[in-house]
Every structure is written in structure tokens, then in C-alpha cells.
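Structural overview
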Amino acid sequence: MSESQTDAIHATARLMVATVSGATPEAVRRSILHEARTLLGSDAALLVAIDEREGVAQTVAGDPEPCADARRVALADVPALREMFDLRRTAARAGGDQARALADMLGAPLAPAVALVLPMRTDDAVDHALVLLNAPGCALSPEDADLAAAFATAAGAVLAQAQLAGEQADRVAQQAALARAAKTLNESLDFSDVLHSICLEAARILDADCTAVYRGDDASGLTVEAIVGLPAEVLGLRMEPGAGLSGRVVQADRPMLTNDYDRISRSDQVSAFTDITSALAVPMHWDGELRGVLSLGYRGSRFVTGQDLALLETFAELAAVACRNATTATGLALAAHTDGLTGCLNHAALQDGLRREMERCARTGQELSLILLDLDDFKQVNELHGHLVGDEVLRRAGHALRMSTRPYDLVARYGGDEFAILAVDADERGAMEIAERALDRLSAAIEDLGSERATAGVAQWDPSQTPPQLVEQADRALLFGKQEGQRGSVQPASEVPYRFGPGRFRRPGDEGPAPEPGEARPEWPPTAPRNTESDRLQQRTRQLVMANNLGTRLSAMTGADEIIDAVVDELHRAFGFYVCHIVRIREDDVVVNIAGRGELYDNLEEQCWEQPQSAGVIGRCLRERHVVLVPDTQKDPDFTAPPWIVQPRSELCAPVWVGGDLWGAINVEEAEPAAFDEDDARLLQTVADQLGSALRSALLYERLDRAYLGTAEALATALEAKDSYTAQHAHSIVHWAEAVGRRLGMDDEALRDLRYGAIFHDIGKIAVPEAILNKRGPLDATERKLVERHTIVGEQILAPVDFLAGVRPLVRHEHERWDGTGYPDGLRGDAIPLGARIVFACDAFHAMTSDRSYRAAMSEPDARAELRDGAGTQFDPRVVEALLAVLDERLDATLPEASA
């Protein structure tokens, strides 16, 4: 093996190590250029991105760095690049003026005498080119050009692998960020806090310079409610309808982006937005209505894409749920503390407020007084005019009292026709003035309804009093005024005779007032009936928690099967659906059930059922490509079910998209009708989106693994081209070896090492002269010794690559025999790594059935007989048995269907 070939191996190995160690695509590009210059002694190297569809090229990295900003040039203007595509060459050479023009157009820092352009392929496409530049006096030989082409092939696979790894890392990070954001947004039910959290999390997920949440609609315009990265004066800014990107989003009710914000902004735009260059904006809906816009902005040269917009749209759905929960909680809290008829606080809220104010006044030394008011002769209003008029009296009374008090006083409906005013920072005399003003306004409000007046009792708080004692004191004053004093007046507690005792409360010793016998204390909070808004909020919270847990769980998974199982498991664990299952569309347009949970699913006679893609509610969901909710399956013409299924009464189905492809659907069913609502539909679509994103990530992982294998195959092919049999041979046995390994129960990590072992098992033959490899006659002892050394050389070649540590023993021991007579170490039996035993058997079978320079190929039956004969001496008997079974399966798969 020549020194340059060894250097090429080590250079490519170092690139592979950099990739698997988590280096960014930018770092990998720099490494490629550095290794290329070092390997070939070039004065400069450029990495050029190619867009063949648009016919443009752009320098993305250089060693040394380009002397100017990266420029986009037309392929038609660069002869060397155009020649590479037009003639499909593995390399294009330019010299003299053409080389200097090429370097100038691509931003190279020198004027070269020679330029070599090498395509770097990903699959069948050329998306990058490696350009090597040599100054006068430094030429590239044909051997150097061949070596450069081999290096560019391997480097192209490494670069593709790094880009896939980077894309996958971004997706995993986005999944984790969305899961974290869902948790953060759910931590508070305060609407202002939620809006601020939305801005923070959106900026973090998409690395934005500024964020804003607008409230409003197309008719009234938008108002900025929360910001991050913008001046404080922007808060409260009102935007006219249609203004800016957010205004357009509201008008169209769809997400939008721009990389030229100045073009769409209006001249009257506030200065805080004038430095924005790129922006994204998505509408926010909750409770079935458009409520506002979430907008992100960038001040630099960030180029936003449709993928960024899709991520922001997914986050906006989580944000909208959090907003809905916050507004619902605010409404519930208000309803829980407000009397629905009068608009005043209710009895429980008064007690809470009284306790808080007493604690505050105890700390600050401020005064506090309580006013109790009772409508005189209210019972007669109900009897003479009816309860509707009585309700109107109470409604007007509550409004009058609220309008006559100070903003910080508490006004409550104490019960029935009684009201209370908690006068903050007021002594008895000040509270009496408040009470007199309230009675005057109340009387004016209700006099036309047959009720003219009310009576009030006022008590000033003594720090030694408990809340019930203060209430009792005010109530005694009220009763004294109604029974002994003058109705329609204000009675202070300080003027009530000590011995006056009638009233609703009795005094057991020094304790506070107790309820009358048989009178139960009010329960708070009251037991809410089923299907209330509170229940819906609790259900929505459970849904958010479930979606958050699922996102966290999926972010750590890379296998499609485990992802699918996790989704149905989390759905069933959270909600216990009668049936929950996932279906996938096959290539023949048949929908196949692949996973499920639930009572109905567990009792199915045939869990792996299938149906035409167009059939049933699932078929309608896949045709219409959105969530389908069926309240009653007995009334739905599309509903179909196999005869062994007990018919469910409700069904909900959401489509699953993987990338841009319709992959399948999630379907849930319940035994009762009307079991699902719009909240359930939104949840299921969110879960379906999470499933699609996770499956997309799994697909990227699979592509990444294939890219690693492709890099290894490219390296093996490039460096073993002198033995055409060896290059083809390494590729051919990978599938056999993997199938045998699966039959023998190897885990995923061992199978990965086995695949690489099958690829690299003959890499050491690079050190064996071609004359020996292709010799037609038998080898002498010296030649045999050289050939047998290839296993050790192969191990040494792979030594610099840390992630191939598990592969090296397979390469070293691939020619060990079961009886201990193999090489290089004479291992025997189970002491030989299982992967090496598998590769050895597959290697031998392929060699026996292939034409070699020294003999013709055996027939397959004869080769099988040789395997059986060698079991127990040359080969592991279990491996031989498994390999023969794999070969039988391959044969069965190729037989005509009629002969099966």
C-alpha cells in the first residue's frame, strides 16, 4: 500500500470521526478542506454548493478563507463547473486564464495556475464540488487526480452524513423545545404571564431577535399585548387593520413569512420595527375564533423558511391552548367569586377578602370597617310583583352599590336581599358616610320598582376581633336599626345597647357567631355538576399534560415501531379510550392497522385487520385530509366495522403526515354517543402531528445510518478498486450477514457493528499486491503470508475511528475457524466474536459461488453442501444453519406465486 493511499485512508477516517463525534456541518466542511489540502499539497481549496435545478453555485467554505463574501454565480458562467455537469466527468481541470477566472468568480484568495474541480455526490445528485487550486510550479499528477477523486467521493458521503445529523439534531432540539415550552406555558393561568411566556419561548425555539403577541381582529385592528426584544413603548401600540405582516396574517387568517420586511411595512410604522429584515407571523385561535397573532422578527441576515414557519405554527397551537386555559381560568375564578345576578362578590369571596384585609391592617395599622345593608320589605316586592321584578331590584341594587363606593372597597351580596361593603382604611364615621351615600344611590335606583329604601349597620374592626365577630357586630347594628331604630338609616355598632341580642347569630361564649340549629354552613367550593366549564378546563389540562409527556417521550426515540407504540400507549393511559389505534397506508392503497390499545381492541379476534383506503370514517379522514368527528356512528353513512366488532357509538380520526406525505391516521372510538368534542379533536390532531414529526425524525435517523454505511462503502470501493471482486463482494454479503445476525438474536448495536464488519472485512487487502490478489495459480508460502496479513492491516486501518471500535475485532478475526486452525490468532469456538463467525460463513459462500481468477464458480447446491460439511470444523454450526435458512427464504421469495 502506497504512502498516499494510507494518507487518504487516515484523512477519510478523521472526517468520519469528526462527523460521528457531533461536529457541525460547518466544522465538517472546514475539515474536508483542510484534509484535502494536506493530502494533495494544494495551495488552496474551496467547497462550492451546487443548485443544478436553478443553475447556480456558491462558495460556502475555503481554506484559506475566501477573500470576499460568498457570491452566487451561474453555472453557465463557470466553464469548469459546466463541463463537470455536461460531460458527467469525475473531475474537470482548468489551467491558465481559465483557472484564474474560476478562482476569481468563486472568491479564492490567490491566482492559480491549475484548478481541479471534483464533484461530491449525495445519492445520485451532485450538490457540492471540491475545487483544488495550485499556484505556478505545483502541478497535479494523474495519480494525484485519481486520489483526489476517491477522496472527494468519500468526503461527499461524510458531508451528506453531517448534514443529515445536523438536521436530525435540529429536529430533536425542536421537539425538546416544544415539550419544554408546553410545560412552561402550562405553569401559570395568569393571562399576562402566559402571553409573556409565549414571547420568550417562541424567541428561544426559533432564535428570534424579537417577539410580539397581538390581540384583535381584522375589523378592529391589532394591539400589542406582550413583547420580548422590543422597546417598552411598543406595549399597547394599536395597529390599523392590514398594517404590517401581522395585519396581513389576520386578514388572510393564515401563516406568512417575509425576508423583505421593509417592502410590506407601512411608512407610519413605529421606529421599533424599522430595523426588522425578516419576519414570521401566525394566527392564534381559541374557542373557535381568531384571537390574535404571534409574530417573530430578525434584525440580521437570517433567511427564514417554510420549515421555520411550520415550527412556529406548531408552537402557536400550544400557545393558543395556554391562552384559552388562562382566559377560561380567569372566567372561572371571576364566576367563582361573583354573584351572577348582582355582579357583586359572593359570600365566599367576601369572607376571603375580609380575612386578607384584616391581616393587612394588622400589619399596617390601618382602619377597617364593615357595612351590612338589608333591603326593607323586599319580601313584599316578590309577593306583589313577582320574582322577576325582585331579581331586577337586586340587580339594580348591586349596580348602585358598586357605583357608589371607592374602587378599592369590596362590595358583596351577603345572601338573599342583604349586601355588604368592606370599607378599607375607614373608621366607623368614614364608613357611615360611605353607607349613607350608598343608601341614597340605592334608593334612587329601585324606587320605581316598589322598593324604596334599605337599612345599614356599620361596625369598625378591633384588632382583637375575628372575621365572624366583626360580621356579628355589624349584623347586630343592622338588626337594631331595623327593629329599634329608624328604617332606611345607617346604624353604627357603637350606639347599639350592650344588652341587645336578637338576630340570626347566637353567641356561645367568646366564640364567633354560630349558625342556628339545623342551619348548615355553606360548602365552598360547592360541588360542581358534571360537564361544567370547570370539568372542561380539567380535561384540557389533562390533555396538555398528556401532549407534553408524549413529546418528551418521543424526543428520545429513533425507532418507528417504538414511536407508534408510545403514542397509542400515552393516549390510552391518559384517557382510557374504548379503542385507540394507528393505521398506515400501504402502497396498494390499503389501510392496515399496526398498533392499538383499549377494551375493544384487546377483545378483537383479528387485531391486524385491513380495509380499502376509501372505506369508513378513516377513509373520509384520509380523503378530506383533516380531523373527522362522528358524534353517532349509527347515523353516519361512512361508518363501517368488521362483523366481530361490537359497534362503538362515537369516532374521532386525525390524519398523520410524515414530511409532505400522507402516512396514515390515528383513530379513537368510544362506546357512548357524543363522547368527543372540539377539544378532543384538537388534541388528536396535535398528537397526530407529534407522531408525524417523530416518524420523520426516525426516517432521518435511518437515512443517517444509511449515510454512515454509504460513507464506509464509498471508502471501501474507492480504495479497493484494484480488486473488482473484493469491492463488489463487500457490498453483497452485508444483507446476508444482517439477516443471519437477526436470526441469531443480535441486538441493534451488534447488528450495526456486523454491517460495518461485512463492509470492511477485506479492507486490509489494500496492502496485498494486485499480482497476488489476481494470481491464477496457487499461492506460495510467502504470498499466503501476505494475504493472511490483510486482517491485521484492516484492523490497523480502522484503528483511528473510535466509533468503529466494535468492528475491529470482526475484521481481525473474520478468518478464524471453529476448530482453531484459522488466522491470525488461532481462536476457536465461542472465543471467536459471533459477528466474525457470521461474516466468515457469508464470505465463504459468496466466494464459492463467484468466479475467481484461479477457478470457476460452484453451483449453489454444491456450495451449500460445502457449508454443511464445514459445520463444526471450519464454521460455527449455528451460523451455518441460520445462513441456509436465510438462503431458503431468499429462494422462496423469488419463486413464482403459483408454485408456492
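The coordinates are above.
Anyway, here's the lowdown on the structure attached to this text. Keep in mind the model is a prediction, meaning the values are calculated, not measured. (Residues numbered from 1 in each chain as written. Predicted model: local features only at pLDDT ≥ 70, side-chain atom pairs only at ≥ 80, totals over all residues. Heavy atoms only, no water.)

Re unusual backbone geometry
That bond from Asp63 to Pro64 is cis: its omega, 0°, falls within 30 degrees of zero. Examined against the element boundaries, Pro64 turns out to sit in the loop between strand S2 (56–63) and strand S3 (72–74). For the bond from Tyr823 to Pro824, the omega torsion is 10°, close enough to zero to count as cis. If you trace the backbone, Pro824 turns up in the loop between helix H25 (808–812) and helix H26 (834–848). (Helix = DSSP H or I, 4+ residues; strand = E, 2+ residues; numbered from the N terminus.)

Focus on helix H6 (residues 191–206)
In a regular helix each residue adds 1.5 Å, so 16 residues correspond to 22 Å; H6 covers 23 Å between its end C-alpha atoms and thus fits that length. Those residues of H6 not exposed but buried are Phe191, Val194, Leu195, Ser197, Ile198, Cys199, Glu201, Ala202, Ala203, Ile205 and Leu206. Note on H6: the residue one or two positions beyond its end, Asp207, has a positive phi of about 55°. (Expected span 1.5 Å × (residues − 1). Buried < 20%, exposed > 50% of the residue type's maximum accessible area, 1.4 Å probe, protein only.)

Some points on a negative patch on the surface
On the surface, Glu367, Asp425, Asp427, Glu433, Glu436 and Asp440 cluster together to form a negatively charged patch. Inspection of the secondary structure puts Glu433 in helix H13 (residues 428–446). The exposure class of Glu433 is partly exposed, given its relative accessible area of 48%. (Patch = residues over 30% accessible without salt bridge, like charges linked within 9 Å, V, L, I, M, F, W, Y side chains within 5 Å. Areas by Shrake-Rupley, 256 points an atom, 1.4 Å probe, with all protein chains shown as cover. Salt bridge = Lys/Arg side-chain N within 4 Å of Asp/Glu carboxyl O. Lys, Arg positive; Asp, Glu negative; His and termini not counted. Charge placed at Lys NZ, Arg CZ, Asp CG, Glu CD.)

Let's talk about the sheet that holds strand S19 (residues 590–597)
Across a sheet, paired strands are connected by hydrogen bonds in the backbone, their directions being either parallel or antiparallel. The strand order across the open sheet built from six strands is S20-S19-S18-S23-S22-S21, with neighbouring strands paired in antiparallel fashion. The sheet is open, and its two borders are formed by strand S20 (610–612) and strand S21 (628–630), each paired with just one other strand. Looking at each pair of strands side by side, their axes are set apart by 25° on average, direction ignored. Packing of helix H16 (residues 560–575) onto the sheet brings it into contact with strand S18 (579–585), S19 and strand S23 (661–670), and relative to S19 it is tilted by some 55°. (Pairing = 2+ DSSP bridges. Axes fitted to C-alpha atoms, helices over the stretch in contact; angles between N-to-C directions. Contact = heavy atoms within 4.5 Å.)

Description of the packing of aromatic side chains
Counting across every chain of the model gives two aromatic pairs. Ring geometry for Trp736 against Phe845: centres 5.4 Å apart, planes inclined by 65°, an arrangement best described as edge-to-face. Here Trp736 is found in helix H20 (residues 724–743), whereas its partner Phe845 is found in helix H26, with 109 residues between them in sequence. Trp736 gets classed as buried once you look at its relative accessible area, which sits at 14%. For Phe845, a relative accessible area of 1% corresponds to the buried category. (Phe/Tyr/Trp six-rings, centres within 6.5 Å; stacked < 30°, edge-to-face > 60°.)

Some words on the side chain of Ser850
Assignment of secondary structure puts Ser850 in the loop between H26 and helix H27 (860–870). A distance of 2.6 Å separates the side chain of Ser850 from the backbone oxygen of His846, its partner in a polar contact. (Polar contact = N/O pair within 3.5 Å; in protein donor to acceptor, adjacent residues only side chain to side chain.)

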